[in-house]
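One-letter residues, chain by chain:
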Amino acid sequence: MENTRILILGLACLAIISVAKALSHEPELGSARVVFQTSYGDIEFGFYPTVAPKTVDHIFKLVRLGGYNTNHFFRVDKGFVAQVADVASGRSAPMNEEQRIEAEKKIVGEFSDVKHVRGTLSMGRYDDPNSAQSSFSMLLGDAPHLDRQYAVFGKVTKGDETLSKLEEVPTRREGIFVMPTERITILSTYYYG
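Now for a quick tour of the structure. (Residues numbered from 1 in each chain as written. Predicted model: local features only at pLDDT ≥ 70, side-chain atom pairs only at ≥ 80, totals over all residues. Heavy atoms only, no water.)

Some details on the overall build of the chain
Here is step 1 of the chain: The helix and strand inventory of the chain stands at 5 helices and 10 strands.
Here is step 2 of the chain: Expressed as a percentage of its 193 residues, the buried residues of the chain come to 47%.
Here is step 3 of the chain: Put simply, of all contacts in the chain between residues at least 6 apart along the chain, 69% involve residues at least 24 apart. (Helix = DSSP H or I, 4+ residues; strand = E, 2+ residues; numbered from the N terminus. Buried < 20%, exposed > 50% of the residue type's maximum accessible area, 1.4 Å probe, protein only. Contact = heavy atoms within 4.5 Å.)

What follows is the structure, encoded as structure tokens:
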């Protein structure tokens, strides 16, 4: 009888550990990587195609089209986010028709249980949950209040030191946004994988 209780207790512990691992498991990154080159350094990131497939396809297409070249980080809020401007309004170079059409598409909100922690890539949007276009944030700290409210689609894989440098730039407050006092331009982008 005692051996049966020990066996049941042991199996229960294994089940609890398995559930905890499953709940805390980070989604698998796809093989594609994107690099944003800035004057502060490079930032490399990967995508979660099984978590937000439509968002990943859209952002990766914009990268392949050169949409983020000459764009900029319009928001840098230390410990919170570094946010890339919408492609349609944030670039300093003119867009071709294919870039414009892709940049203006609205993406359905692909909300998930993936947590908003430092390095997470999360889509920007307006009040409408299905209004995301091409602006996204790189999290500079944990932001649980964003969980299941904004679409997580990837994470920074290299360049955390660049994010730390961005956090140190002088900023000013404009309404709810904390914005850099200088333009932080994405000089160029490339991808591989």
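Quick look at the sheet that holds strand β10 (residues 184-192)
Here is step 1 of the chain: Read once around its circumference, the closed barrel built from 8 strands follows the order β1-β2-β7-β5-β6-β4-β3-β10, with strand pairing classed as antiparallel. Going across the sheet, the axis of each strand differs from the next one's by a mean of 35°, ignoring polarity.
Here is step 2 of the chain: One ladder, built from 3 bridges, connects strand β5 (residues 120-123) with strand β6 (residues 136-139); its direction is antiparallel. Each bridged residue has a counterpart across the sheet, and for methionine 123 the counterpart in β6 is phenylalanine 136. (Pairing = 2+ DSSP bridges. Axes fitted to C-alpha atoms, helices over the stretch in contact; angles between N-to-C directions.)

Here's the deal with the packing of aromatic side chains
Here is step 1 of the chain: As enumerated under the stated definition, the model contains 11 aromatic pairs in all.
Here is step 2 of the chain: Taking the centre distance of 6.1 Å and the plane angle of 45° together, the rings of phenylalanine 36 and phenylalanine 136 count as tilted. Of this pair, phenylalanine 36 sits in strand β1 (residues 33-38) while phenylalanine 136 sits in strand β6, and the two are 100 residues apart along the sequence. Both residues of the pair, phenylalanine 36 and phenylalanine 136, count as buried. (Phe/Tyr/Trp six-rings, centres within 6.5 Å; stacked < 30°, edge-to-face > 60°.)

Focus: empty space enclosed by the protein
To locate leftover empty space, one rolls a probe as large as a water molecule over the atoms.
Here is step 1 of the chain: Here the structure, examined in full by the defined rule, presents 1 cavity of 30 Å³ or more.
Here is step 2 of the chain: Reported here for the largest cavity is a volume of approximately 60 Å³.
Here is step 3 of the chain: What lines the largest cavity is a set of 13 residues, among which Gly109, Phe111, Met123, Ala132 and Ala151 lie closest to the centre.
Here is step 4 of the chain: In the lining of the largest cavity, the residues fall into 8 nonpolar, 3 polar and 2 charged. (1 Å grid on protein atoms, 1.4 Å probe; cavity = no way out; pocket = protein on both sides within 12 Å on 5 of 7 lines; lining within 4 Å. Points joined across faces, edges and corners; volume = space filled by probe spheres on them. Nonpolar A, V, L, I, M, F, W, Y, C, P; charged D, E, K, R; others polar.)

Some words on the pairing of strand β2 (residues 41-47)
Here is step 1 of the chain: In terms of residue burial, β2 counts as a mostly covered element, since 5 of its 7 residues are buried.
Here is step 2 of the chain: Here β1 runs beside β2; their pairing, made up of 6 bridges, is antiparallel. Pairing of threonine 38 across the sheet is with glycine 41, part of β2.
Here is step 3 of the chain: Bridge count for β2 against strand β7 (residues 152-158) is 4 bridges, and the pairing is antiparallel. Bridge pairing in β7 links phenylalanine 47 to glycine 154.

Looking at the side chain of glutamine 133
Here is step 1 of the chain: For glutamine 133, the position within the fold is in the loop between β5 and β6.
Here is step 2 of the chain: Apart from residues lying up to four places away in sequence, glutamine 133 is in contact with His58, Asp86, Ala103, Glu104, Lys105, Lys106, Ile107, Met123 and Gly124.

Thoughts on the side chain of arginine 75
Here is step 1 of the chain: Inspection of the secondary structure assignment puts arginine 75 in strand β3 (residues 72-77).
Here is step 2 of the chain: Despite being buried, arginine 75 has no salt bridge partner; aspartate 77 is the closest side chain of opposite charge, sitting 4.6 Å away.
Here is step 3 of the chain: Setting aside residues up to four positions removed in sequence, arginine 75 forms contacts with Phe80, Val81, Ala82, Gln83, Ile176, Phe177, Val178, Met179 and Pro180. (Lys, Arg positive; Asp, Glu negative; His and termini not counted. Salt bridge = Lys/Arg side-chain N within 4 Å of Asp/Glu carboxyl O.)

As for the nonpolar core
Here is step 1 of the chain: Counting residues in each nonpolar core, the largest one holds 35 residues, and the members touching the most others are Phe36, Phe73, Phe136 and Met138.
Here is step 2 of the chain: Ranked by residue count, the leading element in this core is helix α2 (residues 53-64), at 5 residues.
Here is step 3 of the chain: The residues contacting phenylalanine 73, other than those within four sequence positions of it, are Thr38, Ile43, Ala82, Gln83, Val84, Met138, Leu166, Pro180, Ile184 and Ile186. (Core = buried A, V, L, I, M, F, W, Y, C linked by side-chain atoms within 4.5 Å.)

Overview of the pattern of salt bridges
Here is step 1 of the chain: Counting across every chain of the model gives 10 salt bridges.
Here is step 2 of the chain: In this structure, arginine 148 and aspartate 113 form a salt bridge, with 3.8 Å as the shortest nitrogen-oxygen distance. Residue arginine 148 is found in the loop between β6 and β7, and its partner aspartate 113 is found in the loop between α4 (97-103) and β5; the two are separated by 35 residues along the sequence.
Here is step 3 of the chain: We classify arginine 148 as partly exposed; its relative accessible area is 43%.
Here is step 4 of the chain: With a relative accessible area of 59%, aspartate 113 lands in the exposed category.
Here is step 5 of the chain: Among the charged side chains, a network of salt bridges with common partners joins Lys61, Glu102 and Lys105.

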